[in-house]
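Examining the three-dimensional arrangement
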Amino acid sequence: MSDRPYHHGHLHEALVAAGVEAAREGGSAALTLRELAKTVGVSPAAAYRHVPGLDHLVAEVAQRAREALARGMIEARDVTPADGTAETAWIRLEATGRAYAGFGLAEPRLFETAFAPCPAAPPRADDPAAWDVLVGALDDLVALGAIPEDRRALAPLVAWSAVHGLTSILAAGVFPGSAAPDAALDAVLAGVRAALEA
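Only a predicted model underlies this, so the values are computations on that prediction, with no experimental measurement involved.

Glancing now at the overall build of the protein chain. Per the secondary structure count, the protein chain includes 10 helices and 0 strands. When the helices and strands of the protein chain are listed from N to C terminus, the series reads α-α-α-α-α-α-α-α-α-α. Dimensions along the principal axes, computed over C-alpha positions, put the protein chain at roughly 65 × 35 × 30 Å. Restricting to contacts in the protein chain with at least 6 residues of sequence separation, those with at least 24 account for 75%. A total of about 10,000 Å² of accessible surface is found on the protein chain, and carbon and sulfur atoms cover 58% of it. Computed over 16 positive and 25 negative side-chain charges, the inter-centroid distance for the protein chain is 6 Å.

This brings us to the packing of helix H1 (residues 10-26) against helix H4 (residues 54-78). Running from N to C, H1 and H4 point in directions that differ by 65°, and their axes come no closer than 9 Å. By the angle between their directions, the pair H1 and H4 is classed as roughly perpendicular. Where H1 crosses over H4, the handedness of that crossing is right-handed. The residues of H4 that touch H1, namely those facing His12, Glu13, Leu15, Val16, Gly19, Val20 and Ala23, are Leu57, Glu60, Val61 and Arg64. When the residues that make up the contact of H1 with H4 are grouped by side-chain class, the tally is 6 nonpolar, 2 polar and 3 charged.

To continue, consider helix H2 (residues 33-40). For H2, every residue scored as buried is listed here: Leu33, Leu36, Ala37 and Val40. When H2 is viewed along its axis, its buried side chains cluster within an angular range of 100° and face the same direction. In this structure, H2 carries Arg34, Lys38 and Thr39 as exposed residues pointing more than 90 degrees from its buried face. The elements touched by buried residues of H2 are H1, helix H3 (44-50) and H4.

Parameters and conventions
Residues numbered from 1 in each chain as written. Predicted model: local features only at pLDDT ≥ 70, side-chain atom pairs only at ≥ 80, totals over all residues. Heavy atoms only, no water. Helix = DSSP H or I, 4+ residues; strand = E, 2+ residues; numbered from the N terminus. Contact = heavy atoms within 4.5 Å. Areas by Shrake-Rupley, 256 points an atom, 1.4 Å probe, with all protein chains shown as cover. Lys, Arg positive; Asp, Glu negative; His and termini not counted. Charge placed at Lys NZ, Arg CZ, Asp CG, Glu CD. Axes fitted to C-alpha atoms, helices over the stretch in contact; angles between N-to-C directions. Parallel < 35°, antiparallel > 145°, perpendicular 65-115°, else oblique. Left-handed = near helix turned anticlockwise from the far one by under 90°. Nonpolar A, V, L, I, M, F, W, Y, C, P; charged D, E, K, R; others polar. Buried < 20%, exposed > 50% of the residue type's maximum accessible area, 1.4 Å probe, protein only. Arc of directions from axis to C-beta.

Encoded structure:
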């Protein structure tokens with residue numbers, strides 16, 4: 001195979017971008033350096049000169065998936081501008097949960113990749129980070145007195161685990177109930193609010 005010419009750094013980015021597309025189609029199991037090198041038109045040896053190993057590439061692809069998820073959450077939240085009222089803050093929090101689930105259902109393999117176990121860490125912090133989007137929405141509710149201060153510490157865990165758990169089983173197609181996905185999400189979001197609100 002004759003390697004296509006890549007400027008320094010461009011091959012790394014091409015491999016990550018190809019990894020995102022491969023994950024979109026086949027999940028984290030589709031990420032092999034040999035196949036990704038073939039996709040971008042270089043030899044596996046050339047790929048290994050730009051990526052320390054497959055685990056590092058998986059970590060970066062997973063990070064790109066999480067960042068896409070976070071951008072969707074921000075977009076959905078910002079449809080409703082903050083107006084200093086608790087009800088609007090609840091609507092904005094709910095929008096982030098709906099966007100989270102929507103991403104998982106629209107991109108189930110990329111969603112699986114976003115949270116796939118990986119021994120390597122990404123080279124930087126997620127930007128934006130879905131966790132930070134959630135925490136910001138919850139902090140707004142605390143500041144408005146809609147969530148008591150004594151529930152603040154565990155509020156992100158309650159909200160994240162409820163929405164992530166439902167999204168994971170819906171995306172995997174193993175939801176055991178007979179409720180439609182929208183109805184199931186409505187119930188989970190209502191449960192989160194009931195557990196957290198003052």
